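Spelled out, the chains give:
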Amino acid sequence: LHTKKGVRSVIEKHLQPKVGHLQLKQVSRQVLDEVLFWPLQQHLKPSTTRLVFQVLKRVFKMAKGVGLITENPMANISFKEIVTTPVKAKTAKLTVIDLPKIFVQIRQSSNTVKMLTLLMLLFGTRIGETSQAKWSDFDRRNNRWRIPAEHTKTGQAHRIPLTPFFWKLVQQYKQSLPTKLQRSEWLFPSKSDFNNAIKGQYASQQVSKLAKGQWSAHDLRKLARTAWLELGIDYMIGEFLLNHQLRQVDQAYIQTFADVKCQEAINTWHNYLLGHGLAEF
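On a predicted model such as this, the values are computed, not experimentally measured, just so you know. (Residues numbered from 1 in each chain as written. Predicted model: local features only at pLDDT ≥ 70, side-chain atom pairs only at ≥ 80, totals over all residues. Heavy atoms only, no water.)

*Asks:* Give me the packing of helix α5 (residues 99–107) against helix α6 (residues 111–123): which residues, what numbers.
*Replies:* Running from N to C, α5 and α6 point in directions that differ by 150°, and their axes come no closer than 9 Å. With respect to α6, the element α5 is oriented roughly antiparallel. Classified by chirality, the crossing of α6 by α5 is left-handed. Along the contact surface, α5 presents L99, F103, I106 and R107, while α6 presents K114, T117, L118 and L121. Residues of the contact of α5 with α6, tallied by class, amount to five nonpolar, one polar and two charged. (Axes fitted to C-alpha atoms, helices over the stretch in contact; angles between N-to-C directions. Helix = DSSP H or I, 4+ residues; strand = E, 2+ residues; numbered from the N terminus. Parallel < 35°, antiparallel > 145°, perpendicular 65-115°, else oblique. Left-handed = near helix turned anticlockwise from the far one by under 90°. Contact = heavy atoms within 4.5 Å. Nonpolar A, V, L, I, M, F, W, Y, C, P; charged D, E, K, R; others polar.)

Right, dumping it as structure tokens:
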């Protein structure tokens, strides 16, 4: 659902102080509103309050799932019932107009950060999915990047079509690594322990450092999503490529032609990038 650090912060700063003393039978919409959500709304943005709500709801759902509780008091409570102020969408920090600037910044970074950043731009992947990539995840025969379920936010395995440019880029990247790191199973091994990948938090910090704090790893993902729409890529194909949680009816719709359409979409996006600065890599 969220990063471990973010969830821990929500629990320690908000949930434990405000509802940690409640007994399970005391938990209700009215009580939660009085002791938690109404006070939070007085000094936090609606988006932050929503994060607290999501974490708490997830905690109760997981507790019910593993049998720690028999009734989930938040099962039928929605965020809109608690907070009526709409959550404003964040303004995009990057657009395709920024691509030349982005490529200049990427070229000035180390080979590892360069590859990490380019992967997220090329495929719209999340920082955690990207930083945990293994060489074995890239299936040359079927031309697919297979991301295992344990590395995805949705908890479901994901596959992304690849392009000839990607294969050239990744081969060039591997050859640039010291021999010891080339033997690691990870694309981005930790320099202190090449048997493990770099941490997602460290990867995020490196991308932020590259961008001089002007944009984040997630902004690259948002840029890809917006550009796909502008390039005429089908909305549902874009959702599938981003591995967003789809409704069952949408999943059935997608499965009928996903592979071909996703390959076409990635080809279109990579060709666009190659025409706007990517070819220099």
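*Asks:* Outline the packing of aromatic side chains, listing residues and values.
*Replies:* Inspection of every chain in the model, using the stated rule, returns 11 aromatic pairs. Between the aromatic rings of F123 and W145, the centroid separation amounts to 5.8 Å while the plane-to-plane angle is 80°, which identifies the pairing as edge-to-face. Highlighted residues: F123 in helix α6 and W145 in strand β2 (residues 144–147), separated in sequence by 22 residues. The buried category is assigned to F123, whose relative accessible area is 0%. By relative accessible area, which is 0% here, W145 ends up buried. (Phe/Tyr/Trp six-rings, centres within 6.5 Å; stacked < 30°, edge-to-face > 60°. Buried < 20%, exposed > 50% of the residue type's maximum accessible area, 1.4 Å probe, protein only.)

*Asks:* How would you sum up the nonpolar core? Please name residues and give values.
*Replies:* Across soluble globular proteins, you tend to see nonpolar side chains buried next to one another. Among the nonpolar cores identified, the biggest contains 58 residues, and F103, F123, W145, F166 and L187 are the most heavily contacted of them. Only α5, α6, β2, α8 (164–176), α10 (200–210), α11 (217–230), α12 (235–241) and α14 (258–274) provide two or more residues apiece to this core. A per-element tally of this core places α6 first, with nine residues. With sequence-adjacent residues up to four places away left out, F103 is seen in contact with L118, L121, L273, H276, G277, L278 and F281. (Core = buried A, V, L, I, M, F, W, Y, C linked by side-chain atoms within 4.5 Å.)

*Asks:* Which residues make up the side chain of T117, and what values go with them?
*Replies:* Here T117 is to be found in helix α6. Residue T117 is classed as buried on the basis of its relative accessible area, which comes to 0%. Among the polar contacts made by the side chain of T117, one reaches the main-chain carbonyl oxygen of V113 at a distance of 2.7 Å. (Polar contact = N/O pair within 3.5 Å; in protein donor to acceptor, adjacent residues only side chain to side chain.)

*Asks:* How would you explain α5 if you had to name every residue and give the values?
*Replies:* If you check which residues of α5 are buried, you get L99, I102, F103, Q105 and I106. Looking straight down α5, one finds its buried side chains confined to an arc of 160°; they lie on one side. Residues of α5 that are buried in the fold lie against α6, α10, α11 and α14. (Arc of directions from axis to C-beta.)

Everything listed here is a matter of coordinates, which is why it stays silent on function.
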